[in-house]
Amino acid sequence: MASVAVAPPPGARVPPDLVFTEAREERPIGLGAALGGRPALLLPVDYTCGNVCDPMVSLSAAALRATGLRPGIDISLILVGLDPRDGPPAARALLDRDGAGAALGEGVRALVGDQATIERLTGALGYGFIRDPGADAIAHPAASLLLAPDGRLARVLSPLAMNGRDLRLAIVEAGEGRVGTLADRFTLLCYGFDAATGLYTPLVRRLLVAAALATFVAIAGGILILSRMRRRRGA
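Because the structure is a prediction, the values reported are computed rather than measured.

Let's talk about the packing of helix 2 (residues 53-66) against helix 3 (residues 88-98)
Turning to step 1, where the next piece is worked out: Their axes nearest at 9 Å, the elements helix 2 and helix 3 cross at an angle of 60°. The orientation of helix 2 relative to helix 3 falls into the category oblique. Both helix 2 and helix 3 take part in a crossing whose hand is right-handed. Between helix 2, through C53, D54, V57 and S58, and helix 3, the contact on the second element is made entirely by L94, R97 and D98.
Turning to step 2, where the next piece is worked out: The residue inventory of the contact of helix 2 with helix 3, partitioned by class, reads three nonpolar, one polar and three charged.

Digging into the nonpolar core
Turning to step 1, where the next piece is worked out: Of all hydrophobic cores here, the largest spans 31 residues; its most connected members are V45, Y47, L77, L79 and L167.
Turning to step 2, where the next piece is worked out: Only strand 3 (40-45), helix 2, strand 4 (76-81), helix 3, helix 4 (100-104), strand 5 (108-112) and helix 6 (164-174) provide two or more residues apiece to this core.
Turning to step 3, where the next piece is worked out: No other element matches the six residues that helix 2 contributes to this core.
Turning to step 4, where the next piece is worked out: A12, L111, L125 and I138 belong to the second largest nonpolar core, which has 23 residues in total.

Points about the environment of P15
Turning to step 1, where the next piece is worked out: Topologically, P15 is positioned in the segment before strand 1 (19-22).
Turning to step 2, where the next piece is worked out: For the pair P15 and L125, spaced 110 residues apart in sequence, the C-alpha to C-alpha distance is 9.5 Å.
Turning to step 3, where the next piece is worked out: Setting aside its immediate chain neighbours within four residues, P15 contacts L31, R120, L121 and A124.

A closer look at the pairing of strand 2 (residues 27-30)
On a regular strand, each side chain points to the face opposite its neighbour's, so the side chains alternate between the two faces of the sheet.
Turning to step 1, where the next piece is worked out: Examined bridge by bridge, strand 1 and strand 2 share four bridges and lie antiparallel to one another. Across the sheet, residue T21 finds its bridge partner in strand 2, namely P28.
Turning to step 2, where the next piece is worked out: Connecting strand 1 to the antiparallel partner strand 2 that follows it, the hairpin turn spans four residues, and E26 within it adopts a positive phi of roughly 50°.

Focus: the pattern of salt bridges
Turning to step 1, where the next piece is worked out: Summed over all chains, the structure comprises eight salt bridges.
Turning to step 2, where the next piece is worked out: Salt-bridge contacts for R97 lead to D54; the nearest nitrogen and oxygen are separated by 2.8 Å. A residue pair is termed long-range when its members are at least 10 positions apart, and R97 in helix 3 and D54 in helix 2 qualify at 43 residues.
Turning to step 3, where the next piece is worked out: By relative accessible area, which is 11% here, D54 ends up buried.
Turning to step 4, where the next piece is worked out: The salt bridge partner of R70 is D74, with a shortest N-O separation of 3.0 Å.
Turning to step 5, where the next piece is worked out: According to the relative accessible area criterion, R70 is partly exposed, its value standing at 46%.
Turning to step 6, where the next piece is worked out: Linked by salt bridges that have partners in common, D83, R85 and R131 make up one network.

Procedures and definitions
- Residues numbered from 1 in each chain as written.
- Predicted model: local features only at pLDDT ≥ 70, side-chain atom pairs only at ≥ 80, totals over all residues.
- Heavy atoms only, no water.
- Axes fitted to C-alpha atoms, helices over the stretch in contact; angles between N-to-C directions.
- Helix = DSSP H or I, 4+ residues; strand = E, 2+ residues; numbered from the N terminus.
- Parallel < 35°, antiparallel > 145°, perpendicular 65-115°, else oblique.
- Left-handed = near helix turned anticlockwise from the far one by under 90°.
- Contact = heavy atoms within 4.5 Å.
- Nonpolar A, V, L, I, M, F, W, Y, C, P; charged D, E, K, R; others polar.
- Core = buried A, V, L, I, M, F, W, Y, C linked by side-chain atoms within 4.5 Å.
- Buried < 20%, exposed > 50% of the residue type's maximum accessible area, 1.4 Å probe, protein only.
- Pairing = 2+ DSSP bridges.
- Salt bridge = Lys/Arg side-chain N within 4 Å of Asp/Glu carboxyl O.

In structure tokens form, the structure reads like this:
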């Protein structure tokens, strides 16, 4: 179980040439085409798992809707099955069961692939999982992988502790100026990403340090001006 973790290598990026099967239309699609030049929330799941994967998908879909961004235009949710035995029907069943398909429409894609394709994708992202033969299930991290438009791994987020505000900020940051508003970009100047919690938190310490430095400079400047004025009067 020690291998069940997310440990992305430096510069982690998804291979755009990987070809999966899109579950709705049961047609092949390249991962680069699935990204479509926009940020994407990649969620590795076990399509037949109703314990953790179902809440992960439903909470991710709800958080995406709460961002106010347009699914399928500004951001996409891409599900990737970790079990090569699960075909398109299992993927469609999960979308129907969790309501993600109805909630996001064309903004969500459910992909299935063979063992080699799945392992190449997860290996590139440092996403470790194993099969538990005793339970006939997949043990895998509960993590959402936020991808930049070029397929680069931008953030690892917790789908079980995700909210619309934090997800929007992460998407705006990953979108490199092509997603979100000017107000979002100003907000990013005042917020920082906490890797331990997977959330954005106000940079209180930085703001306090900056304010202290500004106060010091103002006081020092005032003293210098008063000193010069006294010297002029004395002269």
